[in-house]
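Single-letter residue listing:
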Amino acid sequence: MVSTTHSFPYKNRILAALPQEDFDRYFASLQPVSLPQRQVLYAVGAPLDSIYFVEEGVACVLTSMTDGSTIEVGMIGREGMVGVPTLMGVAVSTQHVIVQIPGSALKMPAAQCKAAFDQSAAVRTPILRFIQSLLDLSAQTAACNRLHSVERRCARWLLMAHDRAANGPLPMTHEFLATMLGVRRAGVTETVGELQRSGLIRNHRGEVDVVDREGLEAAACECYRNDHALLMRLL
């Protein structure tokens, strides 16, 4: 029987799922890196030369329009990895990936990770499971952006980030949240203010604390229940 116990407990769920034999063969050269807030991991058109297995913090995937407007289409925490398109043979990034919530990751060359993905079924299994979840999240987000109010979408987004940030405070400005939701800053300011007046969150000096999680879940749209169930399956 192949052991899945590693020399230290990985927080990243893809790495934690690997058999020791495959980890030693393909991932022994992982390099720890810090993820400061707003660090750009990939810009549109940048070469996909590295893979990041998130250990702590949250990265977001943004789609940009020609007028400069952006909207979030994906969120990645310790359940996943940044740089998935390179495993499909894509050479350059078509999306913008930045760090939402600071943390850390384990980094490796993209070519080395693709070789592991191509050669090992044990490596492919957890990665494909994550890719499917990312596709599901993107589809749910597209429907949510079209059908639900800014207030419900904002509550959903805060809960999703809260889950992936291990329930800690969220470093978050209104401008940044507006970028994630693809709306005007004034609309976010009004929505965050209402959530705070309702006693659901506390917003102070660029940080958001979730005060009443049950109440915030009630304020969120139905999409959050699907998001949470998907994340729990991965974790």
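As the structure is a computational prediction, the values presented were derived from the model and not from experiment. (Residues numbered from 1 in each chain as written. Predicted model: local features only at pLDDT ≥ 70, side-chain atom pairs only at ≥ 80, totals over all residues. Heavy atoms only, no water.)

Which residues make up helix H3 (residues 110–119), and what values do they have?
Of the positions making up H3, those classed as buried are Ala110, Cys113, Ala116 and Phe117. Down the axis of H3, the sector holding all buried residues measures 125°, keeping them to one side. The outward face of H3, more than 90 degrees from its buried face, is lined by the exposed residues Ala111 and Gln119. On the buried face of H3, the contacting elements are helix H2 (20–26), strand S3 (50–64), strand S5 (81–82), strand S6 (96–109) and helix H4 (121–147). (Buried < 20%, exposed > 50% of the residue type's maximum accessible area, 1.4 Å probe, protein only. Helix = DSSP H or I, 4+ residues; strand = E, 2+ residues; numbered from the N terminus. Arc of directions from axis to C-beta. Contact = heavy atoms within 4.5 Å.)

I'd love a proper account of the pattern of salt bridges, names of residues and values included.
Applying the stated criterion across every chain yields a total of 7 salt bridges. One salt bridge in this structure joins Arg156 and Asp227, with 2.5 Å as the shortest N-O distance. A residue pair is termed long-range when its members are at least 10 positions apart, and Arg156 in helix H5 (residues 150–164) and Asp227 in helix H9 (residues 223–234) qualify at 71 residues. Residues joined in a network through salt bridges with shared partners are Asp163, Arg213 and Glu217. (Salt bridge = Lys/Arg side-chain N within 4 Å of Asp/Glu carboxyl O.)

Before we move on, can you summarise the sheet that holds strand S9 (residues 207–210) with the specific residues and values?
The 3 strands lie next to each other as S7-S9-S8, forming an open sheet whose pairing is antiparallel. Single-partner strands in this sheet number two, and they are strand S7 (170–171) and strand S8 (201–204). In the sheet, S8 pairs with S9 via 4 bridges, with the strands oriented antiparallel. What sits directly across from His204, in S9, is Glu207. (Pairing = 2+ DSSP bridges.)

I'd like a rundown of the confidence of the model for the protein, residues and numbers included.
Per-residue confidence for the protein averages 91 on the pLDDT scale, and 96% of its residues sit at or above 70. Contacts for the low-pLDDT stretch residues 1–5, under 50 throughout, to residues beyond four places or in other chains number 10 contacts. (pLDDT = per-residue confidence, 0-100.)

Give me the lowdown on the packing of H3 against H4, citing residues and values where you can.
Packing of H3 against H4 brings their axes to within 6 Å, and their N-to-C directions diverge by 105°. In terms of axis orientation, H3 runs roughly perpendicular to H4. Contact with H3, carried on its side by Ala116, Phe117, Asp118 and Gln119, involves Ala121, Val123, Arg124, Ile127 and Leu128 of H4 and no other residues of that element. In the contact of H3 with H4, the residues fall into 6 nonpolar, 1 polar and 2 charged. (Axes fitted to C-alpha atoms, helices over the stretch in contact; angles between N-to-C directions. Parallel < 35°, antiparallel > 145°, perpendicular 65-115°, else oblique. Nonpolar A, V, L, I, M, F, W, Y, C, P; charged D, E, K, R; others polar.)

Please give an account of the packing of aromatic side chains that cites residues and values.
Within the structure shown, the criterion is met by 5 aromatic pairs. Between Tyr26 and Phe27 the ring centres are 6.5 Å apart and the planes differ by 70°, which places this aromatic pair in the edge-to-face class. For the pair formed by Tyr26 and Phe27, the shared burial category is buried. Three or more aromatic residues link up through ring pairs in this structure, and these residues are Tyr10, Phe23, Tyr26, Phe27 and Phe53. (Phe/Tyr/Trp six-rings, centres within 6.5 Å; stacked < 30°, edge-to-face > 60°.)

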